[in-house]
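Examination of the molecular architecture
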Amino acid sequence: MADQTTNATTDVGEEASAYWSTNIRIIKICLVIWALVSFGFGIVFRPLLTSIPVGGTDLGFWFAQQGSILVFLALIFFYALRMNKLDREHGVDEE
Amino acid sequence: MDQFTLNLLFVGASFALYIGIAVWARAGSTSEFYAAGRGVHPVTNGMATAADWMSAASFISMAGLIAFTGYDNSSFLMGWTGGYVLLALLLAPYLRKFGKFTVSEFIGDRFYSKTARLVAVICLLVASITYVIGQMQGVGIAFGRFLEIDTTYGLLIGSCVVFAYAVFGGMKGVTYTQVAQYCVLITAYTIPAVFISLQLTGNPIPAIGMFSSTESGEPLLVKLDQIVRDLGFAEYTAAHGSTINMVLFTLSLMIGTAGLPHVIMRFFTVPKVSDARWSAGWTLVFIALLYLTAPAVGSMARLNISELMWPNGTSGEAVSVEQIESAPEYAWMATWQKTGLLDWEDKNGDGKIQYYNDANEELQAKAAANGWEGNELTKFNRDILVLANPEIASLPGWVIGLVAAGGLAAALSTAAGLLLAISSAVSHDLLKGQLTPNMSEKSELMAARLSMAAAIVVAVLLGLNPPGFAAQTVALAFGLAAASIFPALMMGIFSTRINNAGAVAGMLAGLTVTLVYIFLHKGWFFIPDTNLYTDADPLLGPIKSTSFGAIGAAVNFAVAYVVSGQTKETPQHIKDLVESVRIPRGAGAAVDGH
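Residues numbered from 1 in each chain as written. Chains lettered and ligands numbered in written order. Predicted model: local features only at pLDDT ≥ 70, side-chain atom pairs only at ≥ 80, totals over all residues. Heavy atoms only, no water.

1. Here's the deal with the overall build of chain A
Across its full length, chain A carries two helices and two strands. Scanning chain A from its N terminus toward the C terminus, one meets helices and strands in the order α-β-β-α. A total of 95 residues make up chain A; the buried ones form 47% of that total. Total accessible area computed for chain A in this model is approximately 4,900 Å², and 67% of it derives from carbon and sulfur atoms. (Helix = DSSP H or I, 4+ residues; strand = E, 2+ residues; numbered from the N terminus. Buried < 20%, exposed > 50% of the residue type's maximum accessible area, 1.4 Å probe, protein only. Areas by Shrake-Rupley, 256 points an atom, 1.4 Å probe, with all protein chains shown as cover.)

Below, the structure is given as structure tokens:
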């Protein structure tokens, strides 16, 4: 790991706050997608998607019963990968 | 070999396996009892968490609720999976970094207050006990079916088994047993679904089969919509309920998922912060295997049941009483009648059983013309659908035995996990943390076991007169967890501004409004006939009691924010604690808080 200098504390403080604001940004993006596929496509915007047929019904129904779950999975794995990378970039990983 | 012996064989063999593992991995110290010594791999942990999570509500009850309501109950599917996104992004890694054993320990330390910890314990107990009621319902139904007795006796026998099983080991025993239970329950859920999907659509993957065409070339969902419409029921794929209620219900289930102690506790048991992130993902993979199949099980079972009741089509003659009593494909009806959860009555004495929606005006006209005197399939409890499903589709006997074992695995694993959360709340947080700090390890373990026994007695008493179908009872527990625990945890991590007074006021406000709203609709302390309102005509417009958790959570956030603004600022050492929780570096092994 990096050498500890006398001003290490301030560096660590700045590094930590840059890390945290990037994390918050990633979380916000993920949560927008999370809400869009479930509450959006699955429920509120379903009437707008009725013109797109999926196996005997419409896209909104598919999102409510299948699609949203698949997107949730992708979101969690994306977040884990992205954050583990971010941990290393900012030197806050667990060795 | 008859079906009863076959069921007994499958259930017996799976139990022998679980008990064997529990004995092999028996907990020795308190740390092993609660958190398995933190030596659990993310994939293993994910599988165990999935088993812990998928309870009688997911396995036994959910597909039945979807089958009889259709699209409107998609909330269960989105809510109970979407919560993992919140858990993975907002809570799991930080709580792991914090490194204590229980949720209330985090709340007590972050809000530097014994009162906050006590309030958190109370919230946990209220949510967990409500949850156990739902589990015991499922246990009662599963035992009732496979022993072919009334569900009340099933419940009593089942509760003894659950207790004996949970008391055996702590988290460590439970973790490895739950891996075995996951394997049993997912096999039991998937195999009949694959068979049925092949029968109906020729596609071996139920999640795809559901959107495929039947033999006649007509899409399965179109055919289903047509049949249920003919019988006067609401169309399967269309939306009927209030959009606001559906959004709030889904949100309550999601937030509740991220606020339930027995799920959060799981993320304390992984070795590293990065593992906590992965673990949430793996858990959802294992959960999704069942959740993607569940809507297929629901729609296909609804189609099969409707066709069995109208073997000559909806415009032909209904099934005759004689057929139900003698034909092998109707044998399941007689077996389920014994549990008291399924019944029929030839009201007009024409020797046939007409199944239709007698509240529908169009159908009332048709009934008058044909001499029907009301729906004659008088009772069909939604909770029996998954367990009866292989019998309804005339699948081989071993599949039926496997499903019985799977249903019990689901109910048992969650009941055990919840009892563990309850016992750790009482013995670790309440007694050792607050009342008798000098308690020895031995008496702590004793207190843990005694509180399990007390919790199970309460759950059985309330489970005899449950406030809804199993998944609905469980949904109430999620509302309570959503309104009380989740906001406190989230604010504790993402805001340094929320102080001790704010957190305590927020949790109390969220819990109280939600509990009162539920009791107003479901009866005080779930005692029947003490309710002032019903979910058919709720107090606040379209908002049902199961959907109120999201509003309770909003109340919690608002109260905490306002009270924190009016009281003394959070001290510096707590702000430092929050800063340290936010970065993974330095996450050591967790320590006992005392």
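After that view, the rundown keeps rolling.
2. Concerning helix α23 (residues 500-522) of chain B
Residue and element names in this part refer to chain B. Between its first and last C-alpha, α23 extends 33 Å over 23 residues, near the 33 Å set by a 1.5 Å rise per residue. For α23, the side-chain oxygen to backbone nitrogen distance between the N-cap and A501 is 3.4 Å, and the N-cap itself is N499. Of the residues flanking the end of α23, it is G523, one or two places downstream, whose phi is positive at about 95 degrees. (Expected span 1.5 Å × (residues − 1). Polar contact = N/O pair within 3.5 Å; in protein donor to acceptor, adjacent residues only side chain to side chain.)

3. Some details on the packing of aromatic side chains
This structure, assessed with the given rule, holds 31 aromatic pairs over all chains. With centroids separated by 6.2 Å and ring planes inclined at 70 degrees, the aromatic side chains of F61 of chain A and F211 of chain B adopt a geometry described as edge-to-face. One end of the pair, F61 of chain A, is in helix α2 (residues 59-89); the other, F211 of chain B, is in the loop between α10 (206-209) and α11 (220-230), on a second chain. Note on F61 of chain A: relative accessible area 0%, which makes it buried. Look at W310 of chain B and W372 of chain B: their rings are 5.6 Å apart centre to centre, the planes differ by 45 degrees, and that puts the pair in the tilted class. Residue W310 of chain B is located in the loop between α15 (294-309) and β1 (319-320), and its partner W372 of chain B is located in the loop between α18 (361-370) and β4 (379-380); the two are separated by 62 residues in the primary sequence. Accessibility expressed as a relative area gives 4% for W310 of chain B, which makes it buried. (Phe/Tyr/Trp six-rings, centres within 6.5 Å; stacked < 30°, edge-to-face > 60°.)

4. Some remarks on the confidence of the model for chain A
On average, residues of chain A carry a pLDDT of 87, and 86% of them reach 70 or more. Per-residue pLDDT stays below 50 along residues 1-8 of chain A; that stretch engages in two contacts with residues further than four places along the chain or on separate chains. (pLDDT = per-residue confidence, 0-100. Contact = heavy atoms within 4.5 Å.)

5. Side note on the pattern of salt bridges
Residue and element names in this part refer to chain B. The full count for this structure, using the stated rule, is ten salt bridges over all chains. Where R117 meets D429, a salt bridge forms, and the shortest distance between an N and an O atom there is 2.6 Å. Of this pair, R117 sits in helix α7 (residues 114-146) while D429 sits in helix α20 (residues 397-435), placing them 312 residues apart in sequence. As far as the burial class goes, R117 and D429 line up, both buried. The shortest N-O distance in the salt bridge between K223 and E307 comes to 3.4 Å. One end of the pair, K223, is in helix α11; the other, E307, is in helix α15, and 84 residues separate them in sequence. We classify K223 as partly exposed; its relative accessible area is 21%. Classification of E307 as partly exposed rests on a relative accessible area of 30%. (Salt bridge = Lys/Arg side-chain N within 4 Å of Asp/Glu carboxyl O.)

6. A closer look at the side chain of Q65 of chain A
In this structure, Q65 of chain A sits in helix α2. On the accessibility criterion, Q65 of chain A (0% relative accessible area) is buried. Of the polar contacts made by the side chain of Q65 of chain A, one reaches the side chain of S74 of chain B; its length is 3.2 Å. With residues near it in sequence (within four places) discarded, Q65 of chain A still touches I66, G70, Y71, S74, L77, M210 and P295 of chain B.

7. A short note on a nonpolar patch on the surface
A contiguous nonpolar surface patch, about 370 Å² in accessible area, is contributed by L36, V44, F45 and L48 of chain A. Given a relative accessible area of 41%, V44 of chain A falls into the partly exposed group. (Patch = residues over 30% accessible without salt bridge, like charges linked within 9 Å, V, L, I, M, F, W, Y side chains within 5 Å.)

8. Here's the deal with unusual backbone geometry
Residue and element names in this part refer to chain B. Phi at E148 is positive, roughly 55 degrees, even though this residue is not glycine. In this structure, E148 sits in the loop between α7 and α8 (151-168). A residue is classified by how much of its surface remains accessible, and E148, at 23% relative accessible area, is partly exposed. Here the phi dihedral of F526 falls at roughly 60 degrees; this positive angle occurs in a residue that is not glycine. The topology assignment puts F526 in the loop between α23 and α24 (549-566). Assessed through its relative accessible area of 8%, F526 is described here as buried.

9. Points about the interface of chain A and chain B
Opposite the 44 residues of chain A that make contact, chain B presents 52 residues. Together, the buried faces of chain A and chain B total about 4,200 Å²; carbon and sulfur atoms form 73% of this surface. Our enumeration of links across chain A and chain B arrives at two salt bridges. Notably, a salt bridge pairs R585 of chain B with D93 of chain A, separated by 3.3 Å at the nearest N-O pair. In this structure, the connection of chain A to chain B is made through 14 residue pairs in polar contact (both at pLDDT 80 or more). The element contributing the most residues to the side of chain A that touches chain B is α2 of chain A, with 19 residues. Classifying every residue of the side of chain A that touches chain B gives 28 nonpolar, eleven polar and five charged. (Buried area = accessible area lost by both parts, 1.4 Å probe. Nonpolar A, V, L, I, M, F, W, Y, C, P; charged D, E, K, R; others polar.)

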